[in-house]
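Structural overview
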Amino acid sequence: MRKILLGAIIALGVVFVFRSCYENKKEDAILTENSMLIQEQISKVSKLIVTEGHFAEVYNYKDSQQLFGPLITADKKALVVVNAAVTIAYDLSMIDFEVDETNKTLFIKNIPEPEVKVNPDFEYYDVTADYLNPFEAADYNKIKKNVNTSLLRKIEASTLKSNAKNRLLSELSKFFVLTNSMGWTLVYKDKPIHQLGEFQTID
C-alpha cells in the first residue's frame, strides 16, 4: 500500500513539474510574442505628416544705391507674390523607445522634433532696375531669404504647430490602446499613462 501511495505521489510530482515548466514556457512565449508585436508596430510607423497649411505673402523689394552723393541714386524694385505650402511632420521611425519584457512596460523616451518644410512659389511682378544698379542673383536670394523668414514668423504665430502636436498625441494614443489590450503599461516621458486623455497633459 505504501509503495502504491509513494508511486502516486511521485507521479503527481512529475505531472506538477511538467505542467509548471509547460506553463512557464507558454507564458514566456506569449511575452516574447507581445514584445515583438509592440516593436513591429512601432517600426511600421514612419514619417507622419500631421498638418498642412497654405500661406500667401506680398513682398515689396526695394534697393537704392547712391552714385554721386544723396542727390543721384540708382534704384531697383520688385513686387513679389508668394504662395507657400507648409507641412509639419514627425519622423516617428526615430522614436526613442525601450521594451521591458520583465515588467511588461513600453517606455517611449523621446519623440523627434517636428520638421517644418516651406515650399514657396515665387511670382515676380513690376521688376524694374536702373542700368547702374541691375538685378542680380544676390537680389533674388535676398528676397527668398526675407520671405522665408517672414513665413516662419507667420507659422509660429499660427495654430499649425499646436494642431500638429494634437495629431501626434492622437497617433501615440494608439500605442496605449495596443499595450493596454495586452496588459502592458505605457510610460511616456517618465510618466505612466493610465488613460487616453493623459497624453494631452504632457509637454
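Here, every reference points to the structure presented above.
These remarks concern the structure in this document. (Residues numbered from 1 in each chain as written. Predicted model: local features only at pLDDT ≥ 70, side-chain atom pairs only at ≥ 80, totals over all residues. Heavy atoms only, no water.)

1. Considering the sheet that holds strand S6 (residues 185-188)
- The strand order across the open sheet formed by four strands is S3-S4-S6-S7, and the pairing between neighbours is mixed. Only two strands of the sheet have a single partner each, and these edge strands are strand S3 (96-100) and strand S7 (191-193). Taken pair by pair, the neighbouring strands of this sheet meet at an average axis angle of 25 degrees, ignoring direction.
- Of the strand pairs in this sheet, S3 and strand S4 (residues 105-110) are connected by five bridges, and their pairing is antiparallel. What sits directly across from Glu 98, in S4, is Phe 107.
- Taken strand by strand, helix H3 (residues 160-181) contacts S4, S6 and S7, and its axis lies near 150 degrees from that of S6. (Pairing = 2+ DSSP bridges. Helix = DSSP H or I, 4+ residues; strand = E, 2+ residues; numbered from the N terminus. Axes fitted to C-alpha atoms, helices over the stretch in contact; angles between N-to-C directions. Contact = heavy atoms within 4.5 Å.)

2. With respect to the pattern of salt bridges
- Within this structure, the stated rule accounts for four salt bridges.
- Among the ionic pairs, Glu 57 bridges to Lys 154, the shortest N-O distance being 2.8 Å. With Glu 57 in strand S1 (residues 47-66) and Lys 154 in helix H2 (residues 137-157), the pair connects residues that are 97 residues apart, well separated along the chain. (Salt bridge = Lys/Arg side-chain N within 4 Å of Asp/Glu carboxyl O.)

3. Side note on the nonpolar core
- Counting 36 residues, the largest nonpolar core has Ile 108, Ile 111 and Ile 143 as its most contacted members.
- Looking at this core, the elements that each hand over two or more residues are S1, strand S2 (73-91), S4, H2, H3 and S6.
- At eight residues, H3 tops the list of elements feeding residues into this core. (Core = buried A, V, L, I, M, F, W, Y, C linked by side-chain atoms within 4.5 Å. Buried < 20%, exposed > 50% of the residue type's maximum accessible area, 1.4 Å probe, protein only.)

4. Points about unusual backbone geometry
- Positive phi is not limited to glycine here, since Asp 126 has a value of about 50 degrees.
- If you trace the backbone, Asp 126 turns up in strand S5 (residues 115-129).
- One non-glycine residue, Asp 190, adopts positive backbone phi at about 70 degrees.
- With respect to the secondary-structure elements, Asp 190 resides in the loop between S6 and S7.
- For Asp 190, a relative accessible area of 75% puts it in the exposed group.

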